[in-house]
2 protein chains.
Amino acid sequence: MVLLRRGFATMASVKKASKVVCIGRNYADHVAELNNVRPKQPFFFLKPTSSILLPGEGPVIQPRGVDLHYEVELALILGKQVKNLEASDEQGALDAIESYALSIDMTARNIQNEAKKKGLPWDIAKGFDTFLPISKVISKSAIPDPHNIELYLTVNNEVRQNDSTELMLFRIPRLLSDISKVMTLNAGDIVITGTPKGVGPVVPGDVMRAGIKINGKELEDAKIEVG
Amino acid sequence: MVLLRRGFATMASVKKASKVVCIGRNYADHVAELNNVRPKQPFFFLKPTSSILLPGEGPVIQPRGVDLHYEVELALILGKQVKNLEASDEQGALDAIESYALSIDMTARNIQNEAKKKGLPWDIAKGFDTFLPISKVISKSAIPDPHNIELYLTVNNEVRQNDSTELMLFRIPRLLSDISKVMTLNAGDIVITGTPKGVGPVVPGDVMRAGIKINGKELEDAKIEVG
Ligand SMILES: [Mg+2]
Ligand SMILES: [Mg+2]
Ligand SMILES: [Mg+2]
């Protein structure tokens, strides 16, 4: 008899997340490359689940007039409700993670820059359909330490991003704590944890490949290949 | 025999919306009262569904250090998927609406002002738990013309907001068109359409009452009473 664990994340369930919470400016070198101010505390925004692009669902669509940028990020998929988690509760944070995925936080950079200048929300710049390519679900056991893996992204086989998650300014317990003190996180919710340096533009025809290496070894389920 | 229409919105289904999209600055006098710039086109942001507060679920929780403001708004509940709707397609827009609700877009005004100044996202300021009190579902037939109803909000029985939706800068077909050209709207999704003038602070112990009047007559299902 096969026992299916209740609530186990599948590709079908990913799009049914009640929300996707995205951390901004969580790697120092990325903050510097966009001439941004290093945050004193984590900040975050939402992407709509309608922006999720599953493996095999086709290319990222570039909206007319948009400067399209990639941002490779580790995604956490939660397995239980999290509310008012204490930042010191590292075990509680790790226990709340059910599985992982790799994701690309596609961004309409010119729209975002305009929004930042005018003090307007980021949600349009971040929320177009297809703006969140995501890998297969990665089992929790495949990533023994989420703060010690290598994220990479190539465009047309040229390496553009390649850094370890050990460079995160705020680590996962602090991220889940800060988010959950604002908004309750539910089982199935997705948190993307910020991007390392190397973000840049893509145009139609470019091929993005992204993945995770652990001790130099490629994680098969983490691979993304998207036009 | 009672036939239940498939997909009919219920209070239970409201929290399962795949997203809540919120229009900013859609009433001229409200734009002026916050010293904002009148937008050349609609803009919008997201609230997480975790912020929804159904009738009877208790009070709005004021986070520590937060200046809490109310914004009464007409909510649309969609009955079908909307993607790339043309602004001229008024019938398509109205057909996409399955029902209505009244809502209060609670806002952490000091956090929002800080975010605007720093060019940061609005999602924290808008997204705390309990920040979206909502009425019962209002049947579509109860609102023959969504551009000709009166929204009101009182605090401790003093009228603070009271204006007609005919004052919207951008009307519903334009709103649904602009949103759906960025992000696909799904059946069950909620769109809140902006607030008229009169926004202001509340503190714990204050009682907000809000409602809709049509030709001077109160709509029972639209009533909100929340601490
Ligand atoms: Mg990002
Ligand atoms: Mg949902
Ligand atoms: Mg509002």
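Just so it is clear, the structure is predicted and the values come from calculations on it, not from any experiment. (Residues numbered from 1 in each chain as written. Chains lettered and ligands numbered in written order. Predicted model: local features only at pLDDT ≥ 70, side-chain atom pairs only at ≥ 80, totals over all residues. Heavy atoms only, no water.)

Student: Explanation requested: the coordination of the magnesium ion (ligand 3) in the structure shown.
Tutor: Where a metal carries four tetrahedral donors, each ideal angle is 109.5 degrees; where it carries six octahedral donors, the ideal angles are 90 or 180 degrees. Residue and element names in this part refer to chain B. Each protein donor to the magnesium ion (ligand 3) is listed here as Glu 71 (OE), Glu 73 (OE) and Asp 105 (OD); together their distances run 2.0 to 2.1 Å. For the magnesium ion (ligand 3), the donor residues sit on a single chain with the sequence spacing E-x1-E-x31-D. Each member of the pair, Glu 71 as well as Glu 73, is classed as buried. (Donors = N, O, S within 2.8 Å, 3.2 Å for Na, K, Ca; no water. Buried < 20%, exposed > 50% of the residue type's maximum accessible area, 1.4 Å probe, protein only.)

Student: Please clarify how the relation of the copies chain B and chain A should be interpreted in this entry.
Tutor: Relating the two copies of this chain is a rotation about some axis coupled with a shift parallel to it. Rotating chain B by 180 degrees about the axis while translating it 0.0 Å along that axis superimposes it on chain A, leaving an RMSD of 0.0 Å. Considering both components of the superposition, the chain copies are consistent with a two-fold axis. Comparing contact sets, 100% of the residues at the interface of chain B also lie at the interface in chain A, consistent with an isologous, same-surface contact. (Least-squares fit on C-alpha atoms with pLDDT ≥ 70 in both. Contact = heavy atoms within 4.5 Å.)

Student: Hey, could you run me through the pattern of salt bridges in this one?
Tutor: A pair can form between side chains of opposite charge whenever their charged atoms are brought close. Scanning the model with the defined rule gives 29 salt bridges over all chains in all. The salt bridge partner of A:Lys15 is A:Glu57, with a shortest N-O separation of 2.9 Å. One end of the pair, A:Lys15, is in the loop between helix H1 (11–14) and strand E1 (20–24); the other, A:Glu57, is in the loop between strand E3 (52–53) and strand E4 (68–70), with 42 residues separating them in the sequence. Classification of A:Lys15 as partly exposed rests on a relative accessible area of 32%. Given the relative accessible area of 39%, A:Glu57 is considered partly exposed. The partner of B:Lys126 in a salt bridge is B:Asp105, and the shortest N-O contact between them spans 2.9 Å. With a gap of 21 residues between them, B:Lys126 in helix H5 (residues 123–127) and B:Asp105 in the loop between strand E6 (97–104) and strand E7 (107–108) connect regions that are remote in the sequence. (Salt bridge = Lys/Arg side-chain N within 4 Å of Asp/Glu carboxyl O. Helix = DSSP H or I, 4+ residues; strand = E, 2+ residues; numbered from the N terminus.)

Student: Quick question: what am I supposed to make of helix H4 (residues 109–118) of chain A here?
Tutor: Three- or four-residue spacings in an α-helix give side chains the same orientation, since the helix completes a turn every 3.6 residues. Residues and elements named next belong to chain A. Here H4 has its buried residues at Arg 109, Gln 112, Ala 115 and Lys 116. Projected onto a plane normal to the axis of H4, the buried residues spread over an arc of 120 degrees and lie on a single side. Exposed side of H4, more than 90 degrees from the buried face: Lys 117 and Lys 118 are the residues found there. In the core, the buried residues of H4 are packed alongside E4, strand E7 (107–108) and helix H5 (123–127). Gly 119, located one to two residues past H4, shows a positive phi value of around 70 degrees. (Arc of directions from axis to C-beta.)

Student: Any chance you could explain the interface of chain B and chain A here in plain terms?
Tutor: In many reports, interface size means the accessible area that the parts give up when they come together. Counting residues at the interface gives 26 residues for chain B and 26 residues for chain A. Taken together, chain B and chain A are joined by two salt bridges. Here A:Asp129 makes a salt bridge to B:Lys83, at a shortest N to O gap of 3.0 Å. Elements supplying a minimum of two residues to the side of chain B that touches chain A: strand E2 (43–47) and H5 of chain B. The leading source of residues in the side of chain B that touches chain A is E2(B), at five residues. Its residues assigned to classes, the side of chain B that touches chain A comprises twelve nonpolar, six polar and eight charged. (Nonpolar A, V, L, I, M, F, W, Y, C, P; charged D, E, K, R; others polar.)

Student: Honestly, the nonpolar core in this entry has me stumped. Any pointers?
Tutor: Nonpolar side chains tend toward joint burial in soluble globular proteins. Ranked by internal contacts, the top residues of the largest apolar core, which has 146 residues, are A:Ile190, A:Ile212, B:Ile190 and B:Ile212. Not counting the four nearest positions on each side in its chain, A:Ile212 is found in contact with A:Leu74, A:Leu102, A:Ile138, A:Ile143, A:Ile149, A:Glu150, A:Leu151, A:Tyr152, A:Lys217, A:Glu218, A:Leu219 and A:Ala222. (Core = buried A, V, L, I, M, F, W, Y, C linked by side-chain atoms within 4.5 Å.)

Student: What is the right way to look at the pairing of strand E6 (residues 97–104) of chain A in this model?
Tutor: Regular strands place side chains that alternate from one sheet face to the opposite one. All names here are of chain A. The buried count for E6 comes to eight of eight residues, which makes it a mostly enclosed element. Alignment of strand E5 (residues 72–78) against E6, held across seven bridges, turns out to be antiparallel. In the sheet register, Ile 77 faces E6, and the bridge partner there is Ser 99. In this sheet, strand E9 (residues 138–139) lies alongside E6 in antiparallel orientation, the contact comprising two bridges. Bridging across to E9, Tyr 100 finds its partner in Ile 138. (Pairing = 2+ DSSP bridges.)

Student: Help me understand the sheet that holds E7(A), please; the structure alone is not making it clear to me.
Tutor: In a beta sheet, neighbouring strands pair by backbone hydrogen bonds and run either parallel or antiparallel. Residue and element names in this part refer to chain A. The sheet built from three strands is open, its strands ordered E7-E4-E13 with antiparallel pairing. Only two strands of the sheet have a single partner each, and these edge strands are E7 and strand E13 (200–202). Judged from the two bridges that link them, E4 and E7 form a sheet pairing that is antiparallel. Within the sheet, the bridge partner assigned to His 69 lies in E7 and is Thr 107.

Student: Whenever I open this one, the sheet that holds strand E13 (residues 200–202) of chain B confuses me. Can you help?
Tutor: All names here are of chain B. The strand order E7-E4-E13 describes an open sheet built from three strands, whose pairing is antiparallel. Whereas interior strands pair on both sides, the edge strands pair on one side only; in this sheet they are E7 and E13. Sheet analysis places strand E4 (residues 68–70) next to E13, joined by three bridges and oriented antiparallel. Note on E13: the bridge partner recorded for His 69 is Pro 201.

Student: Would you mind showing me how to read the packing of aromatic side chains here?
Tutor: For any pair of aromatic rings, the description rests on two quantities: the centre-to-centre distance and the angle between the ring planes. Residue and element names in this part refer to chain A. In total, this model carries six aromatic pairs over all chains according to the counting rule given. Judged by centre distance (5.1 Å) and plane angle (45 degrees), the ring pair of Phe 128 and Phe 131 falls under tilted. We note that Phe 128, like Phe 131, is buried. Three or more aromatic residues joined by ring pairs form one cluster here, namely Phe 43, Phe 45 and Trp 122. Over the face of the ring belonging to Tyr 152 we find Lys 213, whose NZ or CZ atom lies 5.3 Å from the ring centre. (Phe/Tyr/Trp six-rings, centres within 6.5 Å; stacked < 30°, edge-to-face > 60°. Lys NZ or Arg CZ within 6 Å of the ring centre and 35° of its normal.)

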